[in-house]
Number of protein chains: 2
Amino acid sequence: MVEDTETPLPDKEQNFSEWYNEIVQRAELVDLRYGVKGFIVYRPNISTILRQTYRLFEDALDEYGHSVCNFPVVIPLEFFQKEADHIKGFSGEVFWITKAGDSELDKPMLLRPTSETAMYPLYAYWVRSYRDLPLKLYQSNTVYRYETKATKALIRGREFYWIEAHDVHRTSEDAVNQVKEDMEITINALHDQLGIPFLLMERPPWDRFAGANQTYAFDVLLPDKNVLQIATTHLLGENFSKAFEIMFEDEDGTKKYGQQTCFGMGISRIVATIISMHGDNYGLVLPFHVAPLQIIIVPIPKKGKNELITEKCEEVYQKLKDKGYRVKLDSSEERPGAKFYHWELLGVPIRLEIGPKDIEQGEITVFRRDKRERFQTKENQLIETIEQLRDDILKELRARREKDLEENTREVKNKEEFLEIAKNKGGFIKIEFCDNVKCAEIIKEETGGYEVRGKLFGEKEKPKDKCIICGEKAKSIVYVAKPY
Amino acid sequence: MVEDTETPLPDKEQNFSEWYNEIVQRAELVDLRYGVKGFIVYRPNISTILRQTYRLFEDALDEYGHSVCNFPVVIPLEFFQKEADHIKGFSGEVFWITKAGDSELDKPMLLRPTSETAMYPLYAYWVRSYRDLPLKLYQSNTVYRYETKATKALIRGREFYWIEAHDVHRTSEDAVNQVKEDMEITINALHDQLGIPFLLMERPPWDRFAGANQTYAFDVLLPDKNVLQIATTHLLGENFSKAFEIMFEDEDGTKKYGQQTCFGMGISRIVATIISMHGDNYGLVLPFHVAPLQIIIVPIPKKGKNELITEKCEEVYQKLKDKGYRVKLDSSEERPGAKFYHWELLGVPIRLEIGPKDIEQGEITVFRRDKRERFQTKENQLIETIEQLRDDILKELRARREKDLEENTREVKNKEEFLEIAKNKGGFIKIEFCDNVKCAEIIKEETGGYEVRGKLFGEKEKPKDKCIICGEKAKSIVYVAKPY
């Protein structure tokens, strides 16, 4: 039980960063006192949300024909060195294991920063014939990067929780379809289950994953109007299959390189997004699907009636449990008000209050966390009410966040306007652009960190004007934002 | 699909080690070509069994009031050095991270060999009052030990998959009850779900976990008559709580040290045991509960009837899927015989064969993998048949393994008899013993590795005679066996 029920949280809209730092600790999500920079402890409240979020994506991957696998956390040096761009991209940020017991290792090993170079040497053994394709594997694991920027719980650390899927296809067309499938999985989860709107970007060439031909990324807008990349899917072409000799004999007997894709779902960042987007000044607001506890029952005691109240609470609890809901009956000694405070802080989507009046009228008091609204429902309609609320809550959360995204995505026509918005408003800024990295660098310099995040995937609109930076003919319409 | 359907597996009873090494590769469970000693790759077939086994224990831990948490994979040196016995026990076998990017770390970190020293510094912050107790947390993770003995897939490696639960209690009585609860969880899973018999041992003082006052271990007998430790629970007393200052204010205002326990469930070893114990010369035999695929449906084609057969197979498939079974319809182009071979190798507990005759008679042909027996069931009794089979298979597997254990547990009265059995039979040898480590060392030396595994937990029988080694008055009845 949280001790301090008096001090309000910092205001989320006014001071998101303080609000975030405070909520992750006050809701007992993480502990930052582990003593190694960038490594934090995940307490039960958030570990359960992480688990639900993992399962959401794992179930979808399974459904779409992926299989789970597990590769070691260490990568031998000779595997890591096989793909040149990949080494360049990652070698500055890996952790090295050089000793075991009292002896120096003959060859150092690294902690995986991502698993391409761990998995692909084995893929070379497994892929022989076109009949072995597609090969679609994923692992749910942690990866390690020696991050030098400031760390922030769940958003940027040196150990992060994700799922990585690595696929080999027969043709580049199949690979392109795989990337679309990856997008579909992500869109379904973010939109249909988590109420998280995003922009799906095709990253510019200078911002692709190390070793990829094309990188597509899901960018979300946090309340401070900065953007966070939470999932990516990449067309790797033959870059890795050539380096790792992943070849197959096609139906016609010719030897071909596999067409590869990889797909990363940043589970800790997705959870950070859930916290950041949906939370309010009373604490977390969790979508029904990933809430560790979906329904909390609070008895409203009254002298002389408490036996009756307890009985009714237990009956309702059992009924909901039997229906498969994650439900708890809070029969602790605290005052109802303290219980309300506590479970609101933890973001439980639905609270049921049961007191003597409710029982008399055959009703139950329902409190929905998202709107902080109370209403009565007939006891015999409770299940229908909850089913309905589950959808309503998701719709409500999604609508709020879609409004935020829309209000904070602004089209500008010239550099002055652009700089003004970058300076004073933040969010996504839509511009006409020459596709030249030099202009991207100018943007970054003059705005203190804004980046060209890329073109909107599937964008049909064509550029009609000039690049707002250099004045050359625009080649595309891109979105610019300040990343985490 | 497995290519080689002709070469039989080595005989399991005659040559367990070859059989094991072959089955883990032929059933595509693991790949040993990762290039770092003791680190192996877990392919989809086994990753799914691992996942099911994890969930079995996780669900039980949740049910018994534990909460999930996640601690970093790295442990800072200063945490690791806090408990003297623990350092002594583990420092020779840890992996050290000394570099990140291009720079040497100021302080080296180690990969966790187990998480006491990662978790307990935080426990010191979290435990303040008796109201915070019991604290019951677990994590499902991997741990790292620089193992110098010969490695064997899933049985002994440098990276292993387990669950570790770490609890703090108010009184030593509560701690003892916790250990009993840990035993109950393990017994339920092993006995009721996996059909694995075991001896539950109280380890002798010289074989306790580094830092524990008492160690209880689940030993199983593999087909080569050697024993494998698959789960342990430890009474830590105040050893760690003193070192890490885990203190609480009791109800009466006095400051006390927490009474600790920890509990390890060796998931990879439990899966190794499932493979080893239940498998036969045709491949894996999986208990229903952890089988990735519980039911495989194989159509038996017949010219002119194939549309009808496909339709019926799909109907049955959908019915079983809707009931929540993990079921697959194998409609590939292979011959039925090749399909039978493949799914038997993978240990699918139940196979349904559906051909024209079956359909005519309103029946389905059922094959149970454990007994390799075929029988007919009425289509409208299929669900009942499967429900019944599920229990029958478990009973059958358990009965076989209990028989093995019984037949390979032998009581001996003197040293000659003991040495003869150790040399020629293996298994558990029950002896009267003086409790002196010197006699345990003599046993080890004269038998080439047999160890005193401890007293049976809850043993009521008292020693009546002399220690079979030194001839002094016996203090206890112990079990001796050759460990992996």
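Residues numbered from 1 in each chain as written. Chains lettered and ligands numbered in written order. Predicted model: local features only at pLDDT ≥ 70, side-chain atom pairs only at ≥ 80, totals over all residues.

As a further point, take the overall build of chain A. The helix and strand inventory of chain A stands at 14 helices and 23 strands. Whereas a compact globule of 484 residues would reach a radius of gyration of roughly 23 Å, chain A reaches 25 Å, a difference of no more than 12%. By principal-axis analysis of the C-alpha atoms, chain A measures approximately 80 × 55 × 50 Å. Within the span of chain A, comprising 484 residues, buried residues form 46% of the whole. In chain A, of all internal contacts separated by at least 6 residues, the share reaching a separation of at least 24 is 68%. (Helix = DSSP H or I, 4+ residues; strand = E, 2+ residues; numbered from the N terminus. Rg over C-alpha atoms; globule rule 2.2 N^0.38 Å. Buried ≥ 20, exposed ≤ 12 C-beta atoms within 10 Å, placed from the backbone. Contact = placed C-beta atoms within 7 Å.)

Listed by partner, the interface residues are 41 residues for chain A and 41 residues for chain B. Those elements that place two or more of their residues in the side of chain A that touches chain B are β2 (41-42), α2 (44-63), β3 (67-68), β4 (74-76), β5 (95-100), α5 (116-126) and β7 (135-144) of chain A. Per-element tally for the side of chain A that touches chain B: the top contributor is β5 of chain A, with six residues. Broken down by class, the residue content of the side of chain A that touches chain B amounts to 24 nonpolar, nine polar and eight charged. Looking at chain direction, β5 of chain A and strand β5 (residues 95-100) of chain B are connected through five bridges and run antiparallel. Bridge pairing in β5 of chain B places Ile97 of chain A opposite Ile97 of chain B. (Nonpolar A, V, L, I, M, F, W, Y, C, P; charged D, E, K, R; others polar. Pairing = 2+ DSSP bridges.)

So, on to the sheet that holds strand β9 (residues 199-202) of chain B. All names here are of chain B. Spatial ordering of the open sheet is given by β3-β7-β8-β14-β11-β10-β9-β22-β23-β21-β20, a layout of eleven strands whose pairing is mixed. Whereas interior strands pair on both sides, the edge strands pair on one side only; in this sheet they are β3 (67-68) and β20 (409-411). Two strands pair when backbone bridges link them, and strand β10 (residues 214-221) and strand β11 (residues 227-237) are joined in this way by eight bridges, in the antiparallel orientation. Considered in β11, the bridge of Leu221 is made with Val227.

Glancing now at the relation of the copies chain A and chain B. Once chain A has been moved 0.0 Å along the axis and rotated by 180°, it coincides with chain B to within an RMSD of 0.0 Å. Here the two chains are linked by the operation of a two-fold rotation axis. Of every C-alpha in chain A, the one belonging to Ile97 of chain A sits nearest the axis of rotation, 2.1 Å from it. When you check the interface residues of chain A against chain B, 100% turn up at the interface there too, and the contact is symmetric in its surfaces. (Least-squares fit on C-alpha atoms with pLDDT ≥ 70 in both.)

Checked against the element boundaries, Pro10 of chain A lands in the segment before α1 (16-26). With residues near it in sequence (within four places) discarded, Pro10 of chain A still touches Asn15, Glu18, Trp19 and Glu22 of chain A.

Under the 1.5 Å per step criterion, the end-to-end length of helix α12 (residues 382-407) of chain A is 37 Å for 26 residues, consistent within 8% with the ideal 38 Å. The secondary structure elements touched by the buried residues of α12 of chain A are α8 (267-278), β17 (350-354) and β18 (363-368) of chain A. (Expected span 1.5 Å × (residues − 1).)

A separate point is the domain arrangement of chain A. Residues and elements named next belong to chain A. Each assigned domain of chain A is listed here: domain 1 (16-278), domain 2 (295-398) and domain 3 (409-481). Counting residues at the interface gives six residues for domain 1, matched by five residues for domain 2. Across the side of domain 1 that touches domain 2, the residue classes break down as two nonpolar, three polar and one charged. (Domains from an automatic or database assignment.)

Each regular strand shows side chains that alternate between the opposite faces of the sheet. Residues and elements named next belong to chain B. Taken across its six residues, strand β22 (residues 451-456) has five buried, putting it largely inside the fold. Note: β9 against β22, two bridges, orientation antiparallel. In the sheet register, Met201 faces β22, and the bridge partner there is Leu456. Sheet topology places β22 next to strand β23 (residues 476-481); three bridges connect them, and they run antiparallel. Bridging across to β23, Val452 finds its partner in Val480.

Residues and elements named next belong to chain B. Their axes nearest at 10 Å, the elements helix α2 (residues 44-63) and helix α8 (residues 267-278) cross at an angle of 115°. Relative to α8, α2 is oriented roughly perpendicular. In this structure, α2 crosses over α8, and the sense of that crossing is right-handed. Residues Ile46, Ile49, Leu50, Thr53 and Tyr54 of α2 form the contact with α8, whose participating residues are Ile267, Ile270 and Val271. Among the residues making up the contact of α2 with α8, the classes are represented as seven nonpolar, one polar and no charged. (Axes fitted to C-alpha atoms, helices over the stretch in contact; angles between N-to-C directions. Parallel < 35°, antiparallel > 145°, perpendicular 65-115°, else oblique. Left-handed = near helix turned anticlockwise from the far one by under 90°.)

Turning our attention to the nonpolar core. Within the largest apolar cluster, 284 residues are counted, with the highest numbers of intra-cluster contacts made by Val271 of chain A together with Val271 of chain B. With residues up to four places along the chain from it excluded, the contact list for Val271 of chain B reads Ile46, Ile49, Leu50, Thr53 and Leu154 of chain B. (Core = buried A, V, L, I, M, F, W, Y, C linked by C-beta atoms within 7 Å.)

This part covers the confidence of the model for chain A. Mean pLDDT over chain A works out to 95, with 99% of the residues at or above the 70 mark. Of the two predicted TM-score estimates for the complex, the pTM is 0.95 and the ipTM is 0.95. (pLDDT = per-residue confidence, 0-100.)

Residues and elements named next belong to chain A. Here we have five strands laid out as an open sheet, ordered β16-β15-β17-β18-β19, and mixed in their pairing. The open sheet has two edge strands with one neighbour each: β16 (327-329) and β19 (373-378). Along the sheet, successive strands turn relative to each other by an average axial angle of 25°, direction set aside. Note that β17 and β18 share four bridges and pair antiparallel. Bridging from a neighbouring strand, Ile350 pairs with Arg368 of β18. Relative to strand β15 (residues 295-299), helix α9 (residues 306-322) is tilted by about 170°, and along the sheet it contacts β15, β16, β17 and β18. α12 rests against β17, β18 and β19 of the sheet, and its axis sits at about 10° to β18.

What follows concerns helix α10 (residues 336-345) of chain B. The α-helix winds at 3.6 residues per turn, so residues separated by three or four positions along the chain end up facing the same way. All names here are of chain B. The complete set of buried residues in α10 reads Lys339, His342, Trp343 and Leu345. Buried residues of α10 fall within an arc of 155° about the axis and therefore sit on the same side. A positive backbone phi angle near 80° is found at Gly347, which sits one or two residues after α10. (Arc of directions from axis to C-beta.)

So, about the pairing of β19 of chain A. Residues and elements named next belong to chain A. Across the six residues that make up β19, only a small minority, zero, are buried. In the sheet, β18 pairs with β19 via six bridges, with the strands oriented antiparallel. Each bridged residue has a counterpart across the sheet, and for Ile364 the counterpart in β19 is Thr377. Taken together, β18 and the strand that follows it, β19, pair antiparallel across an intervening segment of four residues, in which Arg372 is found at a positive phi of about 50°.

Residue and element names in this part refer to chain B. Their axes nearest at 10 Å, the elements α2 and helix α6 (residues 172-194) cross at an angle of 135°. One finds that α2 runs oblique with respect to α6. Along this stretch, α2 crosses α6, giving a crossing that reads as right-handed. Contacts from Leu56, Phe57, Ala60 and Leu61 of α2 reach α6 at Ile185, Asn188, Ala189 and Gln193.

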